[in-house]
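# Analysis of the macromolecular model
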Amino acid sequence: MKSSPSVAWLVGASSGIGQALAFQLAQAGWQVAISARRLDALQAMQAQHPALHPYTVDVTDVPSLHEAAAAITRELGEIELCVLNAGDYTPMPLADFNIELFRKLCDINYLGAVNGLDAIMPLMLARGRGQILLTASVAGYRGLPKSAPYSASKAAVISLAESLHLELKARGVLLRVVNPGFVRSPLTDKNAFKMPFLLEPEEAAQAIMRDLPRRNFEIAFPKRFVYLLKVLRLLPYWLYFKLTKGAL
């Protein structure tokens, strides 16, 4: 994998972490293909930095991802870094159990990542080089109360990354998972509770940028929150449920 900035493709770039990361990559010298469903949002970003190049996609539409990957390669060059960051979130207490919400979040958060991999992996495997980041969440470490659709979809992304990491690494492609804590965005604005260790999108993007040159599997932040949740992940179920009962 090249160490110098080249071409990056950021899917889910129109807000939150994705938008902040797109600008920071551009400022670091990358040519950044930015993708989301809304062209107007992408064009507004492009107007702020000439190294941002809009390509509309829908992560639930596999052909749109393949078309974008081909167009980026043709117009900007080989994609050295791909960040599959598209995501959605809606809290769901038991009283609002909604099977359609499960389908929606699975389609975007989990299958959207699978669809993105289907578009980018063949290109990187063909040349034996590249880096892919899958954005999951610390909410995927364990099932969280009132967050079943989201936690389940993000747990699936973590498992997906774990399953593919070694096979891809053996062929020269580095697949990593990004597990953020709470980051201010239109999605986290839906939460009615006080979010511990809440970060601004720019802080989250900085944490990712710091880890880009490394080859560790997981990029997780903020560290204090991550360590706390990793301890919870190790606890037996009876103790875990006792400690999380207060979130009901």
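For the structure itself, consult the block above.
All values derive from a computational prediction rather than experimental measurement.

### Quick word on the packing of aromatic side chains
Scanning all chains against the criterion turns up seven aromatic pairs. The interplanar angle of 45° and the centroid separation of 5.2 Å between the aromatic rings of F97 and F102 together place this pair among those described as tilted. On the basis of relative accessible area, F97 is assigned to the exposed category, the value being 54%. With a centroid separation of 5.8 Å and an interplanar angle of 70°, the aromatic rings of F182 and F193 are classed as edge-to-face.

### Things to note about the nonpolar core
Residues W9, V11, I79, L117, I132 and L134 are the most contacted members of the largest nonpolar core, which totals 45 residues. Secondary structure elements with two or more residues in this core: β1 (7–11), α3 (62–75), β4 (79–84), α4 (99–127), β5 (130–135), α5 (148–170), β6 (173–180) and α7 (223–234). The greatest single-element share of this core, amounting to seven residues, is contributed by α4. Those residues in contact with I79 that lie beyond four places of it in its chain are V7, W9, A69, I72, T73, I120, M124 and R127. I17, A22, L199 and F221 belong to the second largest nonpolar core, which has 31 residues in total.

### Some details on the pattern of salt bridges
In this structure the tally under the stated criterion is 11 salt bridges. Among the ionic pairs, R184 bridges to E200, the shortest N-O distance being 2.7 Å. Residue R184 is located in the loop between β6 and α6 (201–211), and its partner E200 is located in the loop between β6 and α6; the two are separated by 16 residues in the primary sequence. As a salt-bridge pair, E218 and K230 come within 2.5 Å of each other at their nearest N and O atoms.

### Thoughts on the packing of helix α1 (residues 16–27) against α6
Between α1 and α6, the shortest axis-to-axis distance is 8 Å and the interhelical angle comes to 55°. What the angle tells us is that α1 and α6 run oblique. Relative to α6, the crossing made by α1 is right-handed. Across the interface between the two elements, G16, I17, A20, L21, Q24 and L25 from α1 touch P201, E202, A204, A205, Q206, I208 and M209 from α6.

### Concerning the environment of A156
Relative to the elements of secondary structure, A156 occurs in helix α5. Of the residues examined, A156 reaches a relative accessible area of 23% and is grouped as partly exposed. Sequence-wise, A156 and N109 are 47 residues apart; in three dimensions their C-alpha atoms are separated by 8.8 Å.

### Let's talk about the pairing of β1
Most of β1 is tucked away: five of the five residues are buried. By the alternation rule, side chains of β1 split into V7, W9 and V11 and A8 and L10, which are all buried. Across five bridges, β1 lies against strand β2 (residues 31–35) in parallel orientation. Its bridge partner being in β2, A8 is matched across the sheet by V32. For the crossover from β1 across α1 to β2, the handedness is right-handed. Across five bridges, the pairing between β1 and β4 is parallel. Bridge assignment links V11 to a residue of β4, and that residue is L84.

About the thresholds
Residues numbered from 1 in each chain as written. Predicted model: local features only at pLDDT ≥ 70, side-chain atom pairs only at ≥ 80, totals over all residues. Heavy atoms only, no water. Phe/Tyr/Trp six-rings, centres within 6.5 Å; stacked < 30°, edge-to-face > 60°. Buried < 20%, exposed > 50% of the residue type's maximum accessible area, 1.4 Å probe, protein only. Core = buried A, V, L, I, M, F, W, Y, C linked by side-chain atoms within 4.5 Å. Helix = DSSP H or I, 4+ residues; strand = E, 2+ residues; numbered from the N terminus. Contact = heavy atoms within 4.5 Å. Salt bridge = Lys/Arg side-chain N within 4 Å of Asp/Glu carboxyl O. Axes fitted to C-alpha atoms, helices over the stretch in contact; angles between N-to-C directions. Parallel < 35°, antiparallel > 145°, perpendicular 65-115°, else oblique. Left-handed = near helix turned anticlockwise from the far one by under 90°. Pairing = 2+ DSSP bridges. Right-handed = clockwise from strand over helix to strand, strands pointing away.

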